Amino acid sequence: MKRIKFTTTQIILLSFLLVILVGSILLALPISSATGSAVSYIDALFTATTSTCVTGLVTLPTVSAWSVFGQIVILLLIQIGGLGVITIMTGLMLMLNKKMGIGDRLLIQDAFNLNTMSGLIKFVKNVLLGTLVIEGIGAVLYMLVFVPEFGPKGIWISVFNSISAFCNAGIDIIAENSLCNYAANPLINIVTCALIILGGLGYIVWWDIIRVIKSRSQKNRKIFRHLTLHSKIAITVTAVLIFGGAILIFIFEYANPLTIGEMNLFDKIQVSFFQSVTTRTAGFASVPQENLTNASAAVSVILMLIGGSPVGTAGGMKTVTIAVLICSAMATIGNKNSATLFGRRISDDSIKKAVAVAVAFFAICTTSAVLLLATSDASVIDALYETVSATATVGLSRNLTTTLGNFGKLIIIVTMYFGRVGPISLAVALGSKNESQNVISEPTEDISIG
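Caption draft 1: Expanded view of the packing of aromatic side chains. Tallying each qualifying case throughout the model produces 11 aromatic pairs. Relative to tryptophan 206, the ring of tyrosine 203 has its centre 5.1 Å away and its plane inclined at 75°; by these criteria the two rings are edge-to-face. You can see tyrosine 203 and its partner tryptophan 206 sitting in helix α10 (residues 203-215), three residues apart, about one turn around the helix. The class for tyrosine 203 is buried, based on a relative accessible area of 2%. In this structure tryptophan 206 comes out as buried when scored by relative accessible area, which is 10%. Ring geometry for phenylalanine 250 versus tyrosine 254: centroids 5.3 Å apart, planes at 70°, classification edge-to-face. Judged by its relative accessible area of 21%, phenylalanine 250 is partly exposed. Residue classification places tyrosine 254 among the partly exposed residues on the basis of a relative accessible area of 41%. Clustering of aromatic rings is evident, with ring pairs tying together Tyr142, Phe146, Phe150 and Tyr182. Between the NZ or CZ atom of lysine 268 and the centre of the ring of tyrosine 254, over which it lies, the distance is 3.5 Å. The side chain of arginine 398 reaches across the aromatic face of tyrosine 385, ending 5.8 Å from its centre.

And the structure:
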């Protein structure tokens, strides 16, 4: 009997699917329900998917629908989904002193979408340690608010919220209205935003910044100048999107009494900044999303589409992808031979990958939105908000998720899965062998564009 061989990308896709299925079975057990009666399997599957895909859309309130056991399962799925199944398995192998073969190293390389196999084991160790440290600090800071308010239960709430925020999951066990009760709390806002940004920047940027800081022993050395091109793009685009988004939301919501219209100036700034950060695939809400003006909703959709940075816990098309696309377009408009950023030429291969990711991403969003509109009574803006949120693994909703029927839930489940594993990874896994191996190439012919 011929043995079936899977590619590394297929293994990654199947590993996420396996975790989702196991999680759904556990959540479908009566012990996982707060009432002691098992929830419907479709809701268990939806919750397992949104947790593993670190999305945050929920059909049942996490704080009231699930028992402590169910919440533990959800948190484990969030942690596994945020770090990646391969990372968790590698960590376990390292703890057991298992040797890593070439196949294991290829899996790690593909899981993090790295360009080299050099230093992979050290990289995984740093990822696990860095994640543990940051989530631990976040939990301790959260305890300053939640322990006095909830007592000993506040410890569990703090740990849950810290892991969920760092993994950009947006699921909480505080209240059914997410973080709306803490919209004016500076500590909750700062800690949550910091965790979201750190998780969304990506591990490569972390180590690059640390590397430069260590190497810049003398004073008056500019750190940013010595970062890699990847880090420069990720940091710059992240800053532009966060502050630009916050300014636009502040302007569009300033007089809206349903969001920040009745708040003082400082709280208006807080909420605007938080909304801009959380749309970067985190999914926590400090104001009801259905109360946003259409202009703010449109800004939020754009921010969700772009998402965070590569090799991190965030989703979306990614900051580097959008930067490469814009740079390439500007180079074409300016009739330049090549696209450049920060004095470096962007390779043609990077541009091709960026185009492929964007096309696949929009295809998933469009298909999902059309199907949702065809099977529900949702408005266009609500359906678009929901499907973009699912594809970009954000988790923000204009109060549509809980109203979906079974078919609508299945649409969002599939969309969340495709959005998490990555459109380009899915295409590679399901595609055939590279056609570039053919000796004879097709003839070239110019066509009219635009």
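Next comes the rest of the description.
Caption draft 2: Looking closely at the pattern of salt bridges. For the structure shown, the criterion picks out four salt bridges. A salt bridge links arginine 211 to aspartate 208; the nearest nitrogen and oxygen atoms lie 2.5 Å apart. Here arginine 211 and its partner aspartate 208 are both found in helix α10, three residues apart, which amounts to about one turn of the helix. A salt bridge links lysine 353 to aspartate 349; its shortest N-O distance comes to 3.5 Å. With lysine 353 and aspartate 349 both in helix α15 (residues 348-375) and four residues apart, the pair spans about one turn of that helix.

Caption draft 3: Molecular detail of helix α16 (residues 380-391). Over its 12 residues, α16 extends 16 Å from the first C-alpha to the last, a length consistent with the 16 Å expected when each residue adds 1.5 Å. Among all positions of α16, only Asp382, Ala383, Tyr385, Glu386, Thr387, Val388, Ser389, Ala390 and Thr391 are buried. The inward-facing, buried residues of α16 abut α12 (265-278), α13 (294-306), α15 and α17 (406-421). Looking one or two residues beyond α16, the residue adopting positive phi is threonine 393, at roughly 50°.

Caption draft 4: How the structure looks around the layout of surface pockets. One number sums up the size of the second largest pocket: a volume of about 630 Å³. What lines the second largest pocket is a set of 29 residues, among which Val58, Glu176, Asn177, Ser178 and Asn399 lie closest to the centre. For the lining of the second largest pocket, a count of residues per class yields 13 nonpolar, 13 polar and three charged.

Caption draft 5: The packing of helix α11 (residues 229-253) against α13, seen in detail. Relative orientation of the contacting elements α11 and α13 amounts to 165°, with a least axis distance of 9 Å. Looking at the two axes, α11 sits roughly antiparallel to α13. When the axes of α11 and α13 are compared, the crossing they make is left-handed. Contacts between α11 and α13 involve Leu241, Gly245, Leu248, Ile249, Phe252 and Glu253 from the former and Ala295, Ser296, Val299, Ser300, Leu303 and Ile306 from the latter. Looking at the contact of α11 with α13, its residues break down into eight nonpolar, three polar and one charged.

Caption draft 6: Structural context of the packing of α13 against α16. As a packed pair, α13 and α16 sit with axes 9 Å apart at the nearest point and diverge in direction by 20°. Compared by their axis directions, α13 and α16 come out roughly parallel. Along this stretch, α13 crosses α16, giving a crossing that reads as left-handed. Packed against α13, whose contacting residues are Ala297, Ser300, Val301, Met304 and Leu305, the element α16 presents Ile381, Tyr385, Val388 and Ser389 at the interface. Considering only residue class, the contact of α13 with α16 consists of seven nonpolar, two polar and no charged.

Caption draft 7: The arrangement of empty space enclosed by the protein in detail. Scanning all chains against the criterion turns up two cavities of 30 Å³ or more. Roughly 70 Å³ of internal volume is contained in the largest cavity. Surrounding the largest cavity, Asn168, Ile196, Ile197, Gly200, Leu201, Thr238, Ile242, Val277, Arg280, Gly308 and Ser309 form its lining. Looking at the lining of the largest cavity, the element that brings in the most residues is helix α9 (residues 186-201), giving four residues. Its volume calculated, the second largest cavity comes out at about 30 Å³. If you trace the second largest cavity, you find it lined by Ile249, Glu253, Thr259, Ile260, Val271, Ser272, Gln275, Val287 and Leu292. Counting residues per element, the ones that place at least two in the lining of the second largest cavity are α11 and α12. Here the element with the most residues in the lining of the second largest cavity is α12; it accounts for three residues.

Rules behind the numbers
- Residues numbered from 1 in each chain as written.
- Predicted model: local features only at pLDDT ≥ 70, side-chain atom pairs only at ≥ 80, totals over all residues.
- Heavy atoms only, no water.
- Phe/Tyr/Trp six-rings, centres within 6.5 Å; stacked < 30°, edge-to-face > 60°.
- Helix = DSSP H or I, 4+ residues; strand = E, 2+ residues; numbered from the N terminus.
- Buried < 20%, exposed > 50% of the residue type's maximum accessible area, 1.4 Å probe, protein only.
- Lys NZ or Arg CZ within 6 Å of the ring centre and 35° of its normal.
- Salt bridge = Lys/Arg side-chain N within 4 Å of Asp/Glu carboxyl O.
- Expected span 1.5 Å × (residues − 1).
- Contact = heavy atoms within 4.5 Å.
- 1 Å grid on protein atoms, 1.4 Å probe; cavity = no way out; pocket = protein on both sides within 12 Å on 5 of 7 lines; lining within 4 Å.
- Points joined across faces, edges and corners; volume = space filled by probe spheres on them.
- Nonpolar A, V, L, I, M, F, W, Y, C, P; charged D, E, K, R; others polar.
- Axes fitted to C-alpha atoms, helices over the stretch in contact; angles between N-to-C directions.
- Parallel < 35°, antiparallel > 145°, perpendicular 65-115°, else oblique.
- Left-handed = near helix turned anticlockwise from the far one by under 90°.

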